[in-house]
Amino acid sequence: MLIGGQYGSEGKGNIVAHIAGEYDLLVRVGGPNAGHKVFAEPEPEKYFHLPSGTRRAPGAKLLLGPGAVINVPKLLAEVAEHGVTAERLVIDGQAALINEDDITEESERFSNISSTGQGVGLASARKLTGRSDYKAGVARFLAKDCPELKPCVGNARDTLSDAIVSGHRILLEGTQGSSLSLHHGEYPHVTTRDTTVAGCLSDAGIAPSNVRRVVMVCRTYPIRVGGPSGPMSYEVSLDEIHRRSGIPLDELQVTETTTTTRRSRRIAEFDWVQFRDFVQLNGPTDIALTFADYLHVDNKKAFRFDQLSSDTIRFVEELERVSGRPVSLISTDFRWRNVIDRRSW
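Residues numbered from 1 in each chain as written. Predicted model: local features only at pLDDT ≥ 70, side-chain atom pairs only at ≥ 80, totals over all residues. Heavy atoms only, no water.

Residue alternation in strand S7 (residues 89-92) divides its side chains into two sets, Leu-89 and Ile-91 and Val-90 and Asp-92, and both sets are buried. Strand direction decides the pairing type here: strand S5 (residues 61-64) and S7, joined by three bridges, are parallel. For Leu-63, the partnering residue across the bridge sits in S7 and is Val-90. Here two bridges tie S7 to strand S9 (residues 153-154), and the two strands are oriented parallel to one another. (Buried < 20%, exposed > 50% of the residue type's maximum accessible area, 1.4 Å probe, protein only. Helix = DSSP H or I, 4+ residues; strand = E, 2+ residues; numbered from the N terminus. Pairing = 2+ DSSP bridges.)

In this section: the sheet that holds strand S14 (residues 265-268). Spatially, the three strands line up as an open sheet ordered S12-S14-S13, and their pairing is antiparallel. Looking at which strands have only one partner, the edges of the open sheet turn out to be strand S12 (223-225) and strand S13 (235-236). Across two bridges, the pairing between S13 and S14 is antiparallel. Counted as the bridge partner of Glu-235 is Ala-268 from S14.

With that settled, the discussion passes to the nonpolar core. Ranked by internal contacts, the top residues of the largest apolar core, which has 36 residues, are Leu-26, Leu-50, Ile-70, Leu-75, Leu-89, Ile-91 and Leu-149. The set of elements that each furnish at least two residues to this core consists of helix H1 (12-19), S5, helix H2 (72-81), S7 and strand S11 (215-219). Counting residues per element, this core draws most heavily on H1, which supplies four residues. Those residues in contact with Leu-50 that lie beyond four places of it in its chain are Arg-28, Leu-62, Leu-64, Leu-75, Glu-78, Val-79, His-82, Val-84 and Leu-89. Counting 35 residues, the second-largest nonpolar core is a separate cluster that includes Ile-3, Leu-201, Phe-270 and Val-327. (Core = buried A, V, L, I, M, F, W, Y, C linked by side-chain atoms within 4.5 Å. Contact = heavy atoms within 4.5 Å.)

Per the counting criterion, the structure on display carries 22 salt bridges. Put simply, Arg-343 and Glu-22 hold a salt bridge, and the shortest N to O gap is 2.6 Å. One end of the pair, Arg-343, is in the segment after strand S17 (339-341); the other, Glu-22, is in the loop between H1 and strand S2 (25-28), and 321 residues separate them in sequence. Residue Arg-213 pairs with Asp-286 through a salt bridge whose shortest N-O separation is 3.0 Å. With Arg-213 in the loop between helix H7 (197-204) and S11 and Asp-286 in strand S15 (residues 286-290), this residue pair connects regions lying 73 residues apart in the sequence. What makes Arg-213 partly exposed here is its relative accessible area of 25%. Linked through salt bridges whose partners overlap, the residues forming this network are Glu-251, Asp-293, Lys-300, Asp-333 and Arg-335. (Salt bridge = Lys/Arg side-chain N within 4 Å of Asp/Glu carboxyl O.)

Put simply, side chains in a regular strand alternate between the two faces of the sheet. Of the two faces of S14, the one holding Arg-265 and Ile-267 and the one holding Arg-266 and Ala-268 are both buried throughout. Relative to S14, S12 runs antiparallel, the two being bridged by three bridges. Pairing of Arg-224 across the sheet is with Arg-266, part of S14.

Our focus in this paragraph is unusual backbone geometry. With the exception of glycine, most residues fall at negative phi, and the peptide bonds are largely trans. Omega for the bond connecting Glu-41 with Pro-42 falls within 30 degrees of zero, at 5°, which places this linkage in the cis form. One can find Pro-42 in the loop between strand S3 (36-38) and strand S4 (45-47). Within the chain, Ser-9 stands out as a residue other than glycine whose phi angle is a positive 55°. Within the secondary structure, Ser-9 sits in the loop between strand S1 (2-4) and H1. Judged by its relative accessible area of 30%, Ser-9 falls in the partly exposed class. The phi dihedral of Phe-291 is positive, around 60°, even though this residue is not glycine. Along the polypeptide, Phe-291 turns up in the loop between S15 and helix H11 (310-323).

Residues three or four positions apart in an α-helix share a direction because the helix packs 3.6 residues into each turn. Where burial is concerned, most of H7 is hidden: six out of the eight residues are buried. Buried within H7 we find Val-197, Gly-199, Cys-200, Leu-201, Asp-203 and Ala-204. Where H7 is buried, its residues touch S1, S2, helix H6 (156-165), strand S10 (170-173) and helix H10 (272-282). Once H7 finishes, Gly-205 follows within two positions and takes phi at roughly 90°, a positive value.

Turning to the packing of aromatic side chains, a few remarks are in order. Applying the stated criterion across every chain yields a total of ten aromatic pairs. Both rings, one in Phe-39 and one in Trp-336, keep their centres 5.1 Å apart while their planes meet at 90°; by these two values the pair is edge-to-face. With Phe-39 in the loop between S3 and S4 and Trp-336 in the loop between strand S16 (327-331) and S17, this pair connects stretches of sequence that are 297 residues apart. Judged by relative accessible area, which is 13%, Phe-39 ranks as buried. For Trp-336, a relative accessible area of 42% corresponds to the partly exposed category. For the ring pair Trp-272 and Phe-275, a centre distance of 6.1 Å and an interplane angle of 90° mean the geometry is edge-to-face. (Phe/Tyr/Trp six-rings, centres within 6.5 Å; stacked < 30°, edge-to-face > 60°.)

Here it is, written out as C-alpha coordinates:
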(Lines give C-alpha, C1' and ligand atoms only; values in the text may rest on other atoms or scores of the structure.)
Protein backbone atom coordinates (compact mmCIF):
# COMPACT_ATOMS: atom_id res chain seq x y z
CA MET A 1 0.00 0.00 0.00
CA LEU A 2 1.00 3.60 -0.55
CA ILE A 3 0.16 6.59 1.65
CA GLY A 4 1.18 10.23 2.06
CA GLY A 5 3.50 11.15 4.91
CA GLN A 6 2.80 14.90 5.04
CA TYR A 7 -0.20 17.14 4.20
CA GLY A 8 -1.14 15.57 0.87
CA SER A 9 0.00 16.56 -2.64
CA GLU A 10 3.17 14.52 -2.10
CA GLY A 11 3.11 13.26 -5.69
CA LYS A 12 1.53 9.90 -4.85
CA GLY A 13 -0.12 9.63 -8.26
CA ASN A 14 3.23 9.77 -10.02
CA ILE A 15 4.67 7.00 -7.83
CA VAL A 16 1.56 4.85 -8.28
CA ALA A 17 1.76 5.29 -12.05
CA HIS A 18 5.38 4.07 -11.98
CA ILE A 19 4.60 0.79 -10.19
CA ALA A 20 0.95 0.16 -11.16
CA GLY A 21 1.79 -2.10 -14.10
CA GLU A 22 3.07 -4.72 -11.64
CA TYR A 23 -0.36 -5.17 -10.02
CA ASP A 24 -3.58 -7.02 -10.85
CA LEU A 25 -6.00 -5.06 -8.63
CA LEU A 26 -5.80 -1.32 -7.92
CA VAL A 27 -7.73 -0.05 -4.90
CA ARG A 28 -8.45 3.53 -3.89
CA VAL A 29 -10.10 5.04 -0.83
CA GLY A 30 -11.09 8.60 0.11
CA GLY A 31 -13.07 11.01 -2.01
CA PRO A 32 -12.90 13.77 -4.65
CA ASN A 33 -11.38 16.27 -2.21
CA ALA A 34 -8.03 14.80 -3.29
CA GLY A 35 -6.91 14.87 -6.91
CA HIS A 36 -3.98 12.74 -8.08
CA LYS A 37 -2.11 13.67 -11.25
CA VAL A 38 -0.18 11.39 -13.61
CA PHE A 39 2.08 12.50 -16.43
CA ALA A 40 0.72 11.93 -19.93
CA GLU A 41 0.82 13.68 -23.26
CA PRO A 42 -0.55 16.00 -24.47
CA GLU A 43 -2.19 16.63 -21.06
CA PRO A 44 -1.65 15.05 -17.62
CA GLU A 45 -4.23 12.55 -16.39
CA LYS A 46 -6.23 13.57 -13.31
CA TYR A 47 -7.90 11.13 -10.94
CA PHE A 48 -10.36 12.13 -8.22
CA HIS A 49 -11.98 8.74 -7.54
CA LEU A 50 -10.26 6.13 -9.69
CA PRO A 51 -6.82 4.72 -8.88
CA SER A 52 -3.97 6.70 -10.43
CA GLY A 53 -2.72 3.63 -12.30
CA THR A 54 -5.97 3.21 -14.24
CA ARG A 55 -4.35 3.84 -17.63
CA ARG A 56 -0.83 2.71 -16.79
CA ALA A 57 -2.17 -0.75 -15.85
CA PRO A 58 -4.99 -1.33 -18.35
CA GLY A 59 -5.27 -5.01 -17.45
CA ALA A 60 -5.80 -4.41 -13.73
CA LYS A 61 -9.22 -4.44 -12.08
CA LEU A 62 -10.26 -1.33 -10.14
CA LEU A 63 -11.92 -1.19 -6.73
CA LEU A 64 -13.41 1.67 -4.70
CA GLY A 65 -13.71 0.46 -1.11
CA PRO A 66 -16.59 0.80 1.37
CA GLY A 67 -14.90 3.83 2.98
CA ALA A 68 -14.88 5.75 -0.30
CA VAL A 69 -17.03 8.87 -0.75
CA ILE A 70 -18.39 9.47 -4.25
CA ASN A 71 -19.58 12.43 -6.27
CA VAL A 72 -21.61 10.46 -8.82
CA PRO A 73 -21.54 12.90 -11.78
CA LYS A 74 -17.82 13.47 -11.27
CA LEU A 75 -17.10 9.74 -11.07
CA LEU A 76 -19.15 8.98 -14.18
CA ALA A 77 -17.31 11.70 -16.10
CA GLU A 78 -14.00 10.26 -14.92
CA VAL A 79 -15.01 6.74 -15.94
CA ALA A 80 -15.97 7.99 -19.41
CA GLU A 81 -12.81 10.05 -19.80
CA HIS A 82 -10.55 7.10 -19.03
CA GLY A 83 -12.61 4.49 -20.90
CA VAL A 84 -13.32 2.29 -17.86
CA THR A 85 -15.89 -0.48 -18.35
CA ALA A 86 -18.38 -1.76 -15.79
CA GLU A 87 -16.67 -5.17 -15.94
CA ARG A 88 -13.40 -3.60 -14.81
CA LEU A 89 -14.65 -1.35 -11.97
CA VAL A 90 -16.12 -2.54 -8.67
CA ILE A 91 -17.67 -0.03 -6.26
CA ASP A 92 -18.52 -1.33 -2.81
CA GLY A 93 -22.21 -0.82 -2.09
CA GLN A 94 -21.42 0.74 1.30
CA ALA A 95 -19.51 3.71 -0.19
CA ALA A 96 -21.14 7.05 0.65
CA LEU A 97 -22.63 9.45 -1.89
CA ILE A 98 -22.23 13.23 -2.02
CA ASN A 99 -25.21 15.41 -2.93
CA GLU A 100 -25.38 19.02 -4.06
CA ASP A 101 -26.46 20.23 -0.61
CA ASP A 102 -23.32 18.69 0.88
CA ILE A 103 -21.15 20.68 -1.52
CA THR A 104 -23.01 23.95 -0.98
CA GLU A 105 -23.07 23.71 2.81
CA GLU A 106 -19.46 22.58 3.10
CA SER A 107 -18.27 25.47 0.92
CA GLU A 108 -20.14 27.92 3.13
CA ARG A 109 -19.27 26.47 6.54
CA PHE A 110 -15.66 25.34 6.27
CA SER A 111 -13.83 28.01 4.29
CA ASN A 112 -12.23 29.17 7.57
CA ILE A 113 -10.09 26.01 7.60
CA SER A 114 -9.47 26.03 3.82
CA SER A 115 -11.68 23.03 3.14
CA THR A 116 -11.82 22.00 -0.51
CA GLY A 117 -15.62 22.23 -0.23
CA GLN A 118 -16.28 19.03 -2.20
CA GLY A 119 -18.96 17.74 0.20
CA VAL A 120 -16.92 14.78 1.40
CA GLY A 121 -17.13 15.70 5.07
CA LEU A 122 -20.88 16.19 5.19
CA ALA A 123 -21.54 13.02 3.19
CA SER A 124 -19.34 11.12 5.63
CA ALA A 125 -21.13 12.71 8.58
CA ARG A 126 -24.51 11.69 7.15
CA LYS A 127 -23.30 8.10 6.93
CA LEU A 128 -22.54 8.32 10.66
CA THR A 129 -25.59 10.24 11.87
CA GLY A 130 -28.27 9.21 9.37
CA ARG A 131 -28.57 5.56 10.28
CA SER A 132 -32.04 5.95 11.80
CA ASP A 133 -33.36 7.73 8.71
CA TYR A 134 -31.85 5.06 6.50
CA LYS A 135 -33.49 2.32 8.57
CA ALA A 136 -36.83 4.13 8.30
CA GLY A 137 -36.51 4.17 4.52
CA VAL A 138 -36.56 7.96 4.21
CA ALA A 139 -32.92 8.30 3.15
CA ARG A 140 -30.81 6.64 0.48
CA PHE A 141 -27.22 7.73 0.45
CA LEU A 142 -25.04 4.71 -0.31
CA ALA A 143 -23.65 3.50 -3.62
CA LYS A 144 -26.01 0.52 -3.60
CA ASP A 145 -28.93 2.99 -3.69
CA CYS A 146 -27.75 4.75 -6.85
CA PRO A 147 -29.20 3.48 -10.18
CA GLU A 148 -26.39 5.09 -12.20
CA LEU A 149 -23.77 3.07 -10.32
CA LYS A 150 -25.68 -0.24 -10.28
CA PRO A 151 -23.63 -1.91 -13.07
CA CYS A 152 -20.47 -1.47 -10.97
CA VAL A 153 -21.76 -2.04 -7.45
CA GLY A 154 -20.33 -5.09 -5.71
CA ASN A 155 -18.68 -6.23 -2.51
CA ALA A 156 -15.11 -5.18 -1.77
CA ARG A 157 -14.46 -8.14 0.51
CA ASP A 158 -15.44 -10.60 -2.21
CA THR A 159 -13.26 -8.84 -4.78
CA LEU A 160 -10.29 -8.71 -2.41
CA SER A 161 -10.76 -12.31 -1.26
CA ASP A 162 -10.86 -13.57 -4.84
CA ALA A 163 -7.69 -11.63 -5.66
CA ILE A 164 -5.83 -12.89 -2.60
CA VAL A 165 -6.84 -16.52 -3.13
CA SER A 166 -5.79 -16.24 -6.78
CA GLY A 167 -2.37 -14.95 -5.79
CA HIS A 168 -2.95 -11.61 -7.47
CA ARG A 169 -0.96 -8.52 -6.51
CA ILE A 170 -2.97 -5.70 -4.97
CA LEU A 171 -2.02 -2.01 -4.73
CA LEU A 172 -3.94 0.13 -2.23
CA GLU A 173 -3.58 3.86 -2.89
CA GLY A 174 -4.33 6.21 -0.01
CA THR A 175 -5.26 9.85 -0.53
CA GLN A 176 -4.34 13.12 1.18
CA GLY A 177 -1.60 12.84 3.83
CA SER A 178 -1.06 11.51 7.33
CA SER A 179 -0.89 15.01 8.85
CA LEU A 180 -4.48 15.58 7.70
CA SER A 181 -5.77 12.54 9.61
CA LEU A 182 -8.93 13.30 11.61
CA HIS A 183 -7.40 11.61 14.65
CA HIS A 184 -3.67 12.22 14.24
CA GLY A 185 -3.48 15.59 12.48
CA GLU A 186 -3.59 19.02 14.12
CA TYR A 187 -7.31 19.46 14.75
CA PRO A 188 -9.35 21.33 13.47
CA HIS A 189 -7.19 21.64 10.33
CA VAL A 190 -7.82 18.03 9.35
CA THR A 191 -9.91 16.05 6.91
CA THR A 192 -12.89 13.85 7.83
CA ARG A 193 -11.19 10.46 7.82
CA ASP A 194 -8.10 8.68 9.10
CA THR A 195 -5.53 9.02 6.33
CA THR A 196 -2.89 6.80 7.98
CA VAL A 197 -2.11 3.19 7.07
CA ALA A 198 -4.60 1.87 9.63
CA GLY A 199 -7.40 4.12 8.37
CA CYS A 200 -6.83 3.33 4.71
CA LEU A 201 -6.80 -0.41 5.38
CA SER A 202 -10.10 -0.11 7.23
CA ASP A 203 -11.66 1.99 4.46
CA ALA A 204 -10.63 -0.60 1.88
CA GLY A 205 -11.45 -3.74 3.89
CA ILE A 206 -7.95 -5.24 3.92
CA ALA A 207 -6.50 -7.09 6.91
CA PRO A 208 -3.15 -5.77 8.17
CA SER A 209 -1.63 -9.25 7.97
CA ASN A 210 -2.13 -9.22 4.19
CA VAL A 211 0.08 -6.17 3.71
CA ARG A 212 3.51 -6.93 2.29
CA ARG A 213 4.87 -3.42 1.71
CA VAL A 214 3.95 0.07 2.92
CA VAL A 215 5.41 2.96 0.92
CA MET A 216 5.22 6.37 2.59
CA VAL A 217 5.56 9.22 0.09
CA CYS A 218 7.20 12.49 1.18
CA ARG A 219 8.09 15.68 -0.66
CA THR A 220 11.39 17.52 -0.27
CA TYR A 221 9.30 20.61 0.59
CA PRO A 222 5.86 19.79 2.08
CA ILE A 223 2.85 21.88 1.11
CA ARG A 224 -0.57 22.83 2.40
CA VAL A 225 -3.40 24.41 0.44
CA GLY A 226 -3.36 28.22 0.54
CA GLY A 227 -5.35 30.18 3.11
CA PRO A 228 -6.02 29.33 6.78
CA SER A 229 -5.22 25.65 6.28
CA GLY A 230 -3.33 25.10 9.52
CA PRO A 231 0.17 25.25 10.98
CA MET A 232 3.35 24.42 9.07
CA SER A 233 6.89 24.65 10.39
CA TYR A 234 9.36 26.97 8.66
CA GLU A 235 7.35 28.25 5.69
CA VAL A 236 9.36 29.44 2.69
CA SER A 237 8.46 31.28 -0.50
CA LEU A 238 8.55 29.99 -4.04
CA ASP A 239 11.03 32.78 -4.75
CA GLU A 240 13.38 31.17 -2.24
CA ILE A 241 12.95 27.70 -3.77
CA HIS A 242 13.57 29.24 -7.19
CA ARG A 243 16.79 30.75 -5.84
CA ARG A 244 17.97 27.50 -4.25
CA SER A 245 16.99 25.07 -6.99
CA GLY A 246 17.37 27.04 -10.19
CA ILE A 247 13.86 26.07 -11.35
CA PRO A 248 12.12 28.99 -13.15
CA LEU A 249 9.69 30.81 -10.88
CA ASP A 250 6.79 30.62 -13.33
CA GLU A 251 7.21 26.83 -13.51
CA LEU A 252 7.03 26.58 -9.73
CA GLN A 253 3.89 28.72 -9.63
CA VAL A 254 2.14 26.44 -12.12
CA THR A 255 3.22 23.29 -10.27
CA GLU A 256 2.17 24.54 -6.85
CA THR A 257 -1.51 24.92 -7.68
CA THR A 258 -3.89 22.31 -6.27
CA THR A 259 -5.42 19.74 -8.63
CA THR A 260 -8.92 19.87 -7.14
CA THR A 261 -9.54 23.54 -6.28
CA ARG A 262 -6.82 25.27 -8.38
CA ARG A 263 -5.61 27.22 -5.34
CA SER A 264 -2.05 28.32 -4.75
CA ARG A 265 -0.20 26.28 -2.14
CA ARG A 266 1.78 27.19 0.95
CA ILE A 267 5.19 25.54 1.09
CA ALA A 268 7.70 24.84 3.86
CA GLU A 269 11.06 23.36 4.71
CA PHE A 270 11.19 19.60 5.23
CA ASP A 271 9.94 18.87 8.76
CA TRP A 272 12.10 16.17 10.33
CA VAL A 273 9.91 15.89 13.44
CA GLN A 274 6.83 15.31 11.27
CA PHE A 275 8.74 12.73 9.26
CA ARG A 276 9.89 10.83 12.35
CA ASP A 277 6.41 10.87 13.90
CA PHE A 278 4.63 9.52 10.85
CA VAL A 279 7.25 6.87 10.22
CA GLN A 280 6.46 5.69 13.74
CA LEU A 281 2.69 5.91 13.23
CA ASN A 282 2.52 4.30 9.77
CA GLY A 283 5.35 1.78 10.06
CA PRO A 284 6.38 1.98 6.40
CA THR A 285 8.74 -0.55 4.91
CA ASP A 286 9.93 1.95 2.28
CA ILE A 287 10.08 5.70 1.67
CA ALA A 288 9.37 7.37 -1.68
CA LEU A 289 10.88 10.84 -2.08
CA THR A 290 9.33 13.24 -4.58
CA PHE A 291 10.24 16.69 -5.95
CA ALA A 292 13.96 15.94 -5.86
CA ASP A 293 14.36 18.64 -8.50
CA TYR A 294 13.44 21.22 -5.84
CA LEU A 295 16.81 20.46 -4.23
CA HIS A 296 18.59 21.14 -7.52
CA VAL A 297 17.26 21.61 -11.04
CA ASP A 298 19.96 19.28 -12.41
CA ASN A 299 18.22 16.39 -10.67
CA LYS A 300 15.70 16.52 -13.53
CA LYS A 301 18.42 14.94 -15.68
CA ALA A 302 19.17 12.13 -13.20
CA PHE A 303 18.11 8.61 -14.13
CA ARG A 304 20.32 6.81 -11.58
CA PHE A 305 20.95 7.52 -7.92
CA ASP A 306 24.59 8.43 -8.47
CA GLN A 307 23.53 11.11 -10.97
CA LEU A 308 21.72 13.12 -8.29
CA SER A 309 23.41 16.19 -6.82
CA SER A 310 25.68 15.55 -3.83
CA ASP A 311 23.31 17.50 -1.52
CA THR A 312 20.40 15.35 -2.68
CA ILE A 313 22.30 12.14 -2.00
CA ARG A 314 23.10 13.37 1.50
CA PHE A 315 19.43 14.26 2.03
CA VAL A 316 18.37 10.73 1.01
CA GLU A 317 20.98 9.21 3.31
CA GLU A 318 19.63 11.30 6.20
CA LEU A 319 16.08 10.16 5.46
CA GLU A 320 17.27 6.57 5.68
CA ARG A 321 19.19 7.22 8.89
CA VAL A 322 16.25 8.91 10.65
CA SER A 323 13.62 6.43 9.46
CA GLY A 324 15.62 3.21 9.40
CA ARG A 325 13.94 2.49 6.05
CA PRO A 326 15.28 2.53 2.50
CA VAL A 327 14.35 5.37 0.16
CA SER A 328 13.32 3.02 -2.63
CA LEU A 329 11.75 5.42 -5.14
CA ILE A 330 12.87 8.96 -6.00
CA SER A 331 10.83 11.21 -8.29
CA THR A 332 13.01 13.77 -10.08
CA ASP A 333 10.51 15.47 -12.38
CA PHE A 334 6.99 15.22 -13.79
CA ARG A 335 7.62 13.45 -17.11
CA TRP A 336 8.40 10.03 -18.57
CA ARG A 337 11.14 8.00 -16.87
CA ASN A 338 11.20 10.42 -13.97
CA VAL A 339 11.41 7.90 -11.10
CA ILE A 340 14.72 6.46 -9.91
CA ASP A 341 13.84 2.93 -8.83
CA ARG A 342 16.05 1.50 -6.05
CA ARG A 343 13.66 -1.23 -4.91
CA SER A 344 14.83 -4.63 -3.78
CA TRP A 345 11.32 -6.10 -4.14
